[in-house]
Amino acid sequence: MASKAIRRRPCVADTDKGSEEKRMEAATVTDSVSVTEPLLGNSTQGNKSKGYEPRTRLDFWDEKTRKCLHWAHVVSNFISQSARNIVNAISEFGSWLARFFGCSSSAERSQNRHTVIVDLSPLQEERLHSVRQRLNVPFDCSVIKHQDALKELWRLAYPNRQLPPLKSELWKEMGWQNSDPASDFRAGGVMSLENLIYFARNYPGSFQRLLHKADGERAEWEYPFAVAGVNISYMLVQMLDLLSGNRMSKAGVCFVELLEDDEMAFDNLFCVAFQMLDAQWLARKASYMEFNEVLKSTLVQLERELTAGGVSSVHNLPSFRMLES
């Protein structure tokens with residue numbers, strides 16, 4: 001096959017013009033064969049017509065294939081449209097059933113989540129309402145009150161250092177991920193900032209030790225202190241069911257009972273949770289990528305202590321003893 005695809009170089013002795021024309025004609029025929037040979041295999045020029053037959057059959061089947069594909073496309077569209085209509089009908093029927101059996105479905109979901117309806121005293125209801133109001137305030141860097149709170153946190157954290165601008169690389173030293181702390185609050189909102197300030201004011205010993213990572217053998221890549229506080233605030237809200245109505249989990253019920261005698265129960269739980277997180281961090285010899293796992297296990301431990309029974313105050317929690325004033 002390869003020999004046919006290569007033109008034969010004319011000999012010097014072949015000077016006859018007629019011979020030259022014949023050789024050029026033969027070379028042209030040979031070139032045309034070389035184009036088709038890779039598709040037809042090692043065929044000879046004598047059966048060249050047989051070699052072209054498959055191309056004729058292929059053209060015939062291509063036409064039939066196009067027709068089949070056309071009708072297959074039509075049928076496919078019909079089936080697809082019918083399926084969508086059926087799904088829509090089932091969806092509407094399901095929505096109707098959900099509305100009809102709404103009460104029983106809600107009760108079943110509540111039972112699965114092990115929630116109960118809480119009968120609040122007027123004082124508990126007032127304090128719980130106050131906590132929920134705090135949850136709904138996002139941090140806004142344009143609000144002077146929010147700016148002042150952030151500055152107060154710096155003064156408490158670094159009493160002997162000059163206050164930096166609200167946007168400065170120095171904020172990263174406190175454990176904010178960006179030079180602008182406002183971008184790190186997210187779901188924690190102003191309440192997480194208030195939690196950090198409360199921690200610094202009421203348990204300055206623990207606050208400073210956690211801020212400066214003073215305890216134990218620390219990881220090369222430590223968790224960021226301030227952002228960890230924001231995450232703890234947010235996860236506590238989830239654990240205590242504070243975004244629900246009067247139907248709460250067992251941990252939420254225990255928290256409401258603490259509000260009877262402690263208006264700042266949430267802030268105190270925040271401080272305990274932060275100290276517990278650092279203790280578990282050291283016990284696990286954890287590093288940055290394990291932060292979420294440590295946070296989850298911390299909240300599991302806190303929930304276990306909170307719901308163990310006989311806890312009338314945050315001060316009664318076993319882990320409260322770790323806090324330093």
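Residues numbered from 1 in each chain as written. Predicted model: local features only at pLDDT ≥ 70, side-chain atom pairs only at ≥ 80, totals over all residues. Heavy atoms only, no water.

The chain appears in an unreviewed UniProt entry as ELMO domain-containing protein from Brachypodium distachyon.

Asks: For this particular structure, what's the right way to read the overall build of the chain?
Replies: Broken down by element type, the chain carries twelve helices and two strands. Its helices and strands in sequence order give the chain the pattern α-α-α-α-β-α-α-α-α-α-β-α-α-α, from N to C terminus. The 325 residues of the chain split such that 36% are buried. Counting every atom, the chain has about 20200 Å² of accessible surface; 56% of that belongs to carbon and sulfur. (Helix = DSSP H or I, 4+ residues; strand = E, 2+ residues; numbered from the N terminus. Buried < 20%, exposed > 50% of the residue type's maximum accessible area, 1.4 Å probe, protein only. Areas by Shrake-Rupley, 256 points an atom, 1.4 Å probe, with all protein chains shown as cover.)

Asks: When you look at the packing of helix α7 (residues 189-202) against helix α11 (residues 265-284) in this model, what are you seeing that I'm missing?
Replies: Packed helices, taken two at a time, are described by the angle between their axes plus the distance between the axes. Interaxial distance between α7 and α11 falls to 9 Å at its minimum, and their mutual angle equals 75°. As far as their axial angle goes, α11 and α7 are roughly perpendicular. The segment α7 lies against α11, with Met 191, Glu 194, Asn 195, Leu 196, Tyr 198 and Phe 199 engaging Phe 266, Asp 267, Asn 268, Phe 270, Cys 271 and Phe 274. Looking at the contact of α7 with α11, its residues break down into eight nonpolar, two polar and two charged. (Axes fitted to C-alpha atoms, helices over the stretch in contact; angles between N-to-C directions. Parallel < 35°, antiparallel > 145°, perpendicular 65-115°, else oblique. Contact = heavy atoms within 4.5 Å. Nonpolar A, V, L, I, M, F, W, Y, C, P; charged D, E, K, R; others polar.)

Asks: What is the right way to read a nonpolar patch on the surface from this model?
Replies: Residues Trp 221, Tyr 288 and Met 289 make up a contiguous nonpolar surface patch of roughly 430 Å² in combined accessible area. As for its placement among the helices and strands, Tyr 288 is situated in the loop between α11 and α12 (291-306). On the accessibility criterion, Tyr 288 (36% relative accessible area) is partly exposed. (Patch = residues over 30% accessible without salt bridge, like charges linked within 9 Å, V, L, I, M, F, W, Y side chains within 5 Å. Salt bridge = Lys/Arg side-chain N within 4 Å of Asp/Glu carboxyl O.)

Asks: Help me understand helix α8 (residues 204-211) in this model?
Replies: Working note: α-helix, 3.6 residues per turn, so residues spaced by three or four point in the same direction. Listing the buried residues of α8 in full gives Gly 205, Ser 206, Phe 207, Leu 210 and Leu 211. Remark: Lys 213 follows α8 within two positions and exhibits a positive phi of approximately 50°.

Asks: Please clarify how the environment of Gln 133 should be interpreted in this entry.
Replies: One can find Gln 133 in helix α5 (residues 122-135). Taking C-alpha positions, Gln 133 is 9.5 Å from Met 191, a pair spaced 58 residues apart along the chain.

Asks: Is there a simple way to think about helix α10 (residues 250-259) in this case?
Replies: Of all ten residues in α10, eight are buried; the element is thus mostly enclosed. Listed as buried for α10 are Ala 251, Gly 252, Val 253, Cys 254, Phe 255, Val 256, Leu 258 and Leu 259. Those residues of α10 hidden inside the fold are in contact with β1 (116-117), α5, α9 (225-239), β2 (247-248), α11 and α12.

Asks: Teacher, can you tell me more about the packing of aromatic side chains here?
Replies: One pair of aromatic rings is described through two measures. These are the centre distance and the angle between the planes. Taken as a whole, this structure holds 14 aromatic pairs when the rule is applied. When the ring of Phe 199 is compared with that of Phe 270, the centres are 6.4 Å apart and the planes differ by 85°; the resulting orientation is edge-to-face. Of this pair, Phe 199 sits in helix α7 while Phe 270 sits in helix α11, and the two are 71 residues apart along the sequence. Neither residue differs from the other here; Phe 199 and Phe 270 are each classed as buried. Ring centres 6.3 Å apart and planes at 85° place the aromatic pair Phe 255 and Phe 266 in the edge-to-face group. Of this pair, Phe 255 sits in helix α10 while Phe 266 is found in helix α11, placing the two residues eleven residues apart along the sequence. A single burial state applies to Phe 255 and to Phe 266, both of which are buried. Put simply, the rings of Phe 199, Phe 207, Phe 225, Phe 270 and Phe 274 touch in pairs and so form one group of aromatic residues. Over the aromatic face of Tyr 158 sits the side chain of Arg 161, whose NZ or CZ is 4.8 Å from the ring centroid. In this structure, Lys 213 is placed above the aromatic ring of Tyr 223, and the distance from its NZ or CZ to the ring centre is 4.3 Å. (Phe/Tyr/Trp six-rings, centres within 6.5 Å; stacked < 30°, edge-to-face > 60°. Lys NZ or Arg CZ within 6 Å of the ring centre and 35° of its normal.)

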